[in-house]
Amino acid sequence: MPIYDIAGLKVKINHCGGRTEKQGVAYLAENQDESQHIDIDISVDDNRVKEAMAEHPELNQDDWEYMITGSDFYKAAIKYKGILLHSSCVVVDGVAYAFSADSGVGKSTHTQLWLKKFGERAYILN
């Protein structure tokens with residue numbers, strides 16, 4: 001089970017694969033020793049996934065595992081004073097700008113344009 005460093009927290013996700021695993025690559029912890037302290041331990045519940053798929057068959061199992069895992073993480077992050085903000089964030093000259101909108105609106109595209117415009121003065125925060 002991989003261990004991730006997310007927002008300063010050690011997060012272990014059991015039964016992690018597909019989209020969840022792909023999105024998490026950038027957050028893999030250097031230390032994968034399972035004896036270390038884990039702040040958030042998430043297990044994918046196959047029954048929750050099946051129930052969600054039955055209610056919304058337009059999404060596949062991989063999408064549901066990704067969304068349920070994310071939801072469980074964000075609920076647990078509240079304990080650590082964390083919140084979910086669906087956004088793309090760029091830092092320019094030490095100031096962060098977060099663009100929040102629905103999926104598909106162009107947040108990442110907008111962020112990439114800022115990187116192109118400001119060059120080495122800018123970087124993506126997350």
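Residues numbered from 1 in each chain as written. Predicted model: local features only at pLDDT ≥ 70, side-chain atom pairs only at ≥ 80, totals over all residues. Heavy atoms only, no water.

(A) Highlighting the overall build of the protein. Within the protein, the regular secondary structure consists of four helices and six strands. From first element to last, N terminus to C terminus, the protein shows the α and β order β-β-α-β-α-α-β-β-α-β. Seen through its principal axes, the protein has C-alpha atoms that stretch 45 × 40 × 25 Å. Each of the 126 residues in the protein was classed as buried or not, and the buried ones make up 30%. Within the protein, residue pairs in contact and separated by at least 24 positions form 52% of the contacts whose partners lie at least 6 positions apart. Total accessible area on the protein stands at roughly 8,600 Å², and carbon and sulfur atoms take up 53% of it. (Helix = DSSP H or I, 4+ residues; strand = E, 2+ residues; numbered from the N terminus. Buried < 20%, exposed > 50% of the residue type's maximum accessible area, 1.4 Å probe, protein only. Contact = heavy atoms within 4.5 Å. Areas by Shrake-Rupley, 256 points an atom, 1.4 Å probe, with all protein chains shown as cover.)

(B) Expanded view of unusual backbone geometry. Here Lys 81, not a glycine, exhibits a phi torsion of approximately 65°, which is positive. Mapped onto the fold, Lys 81 is located in the loop between α3 (61-77) and β4 (87-92). Phi is positive for Asp 93, which is not a glycine, with a value near 50°. Its location among the elements puts Asp 93 in the loop between β4 and β5 (95-100).

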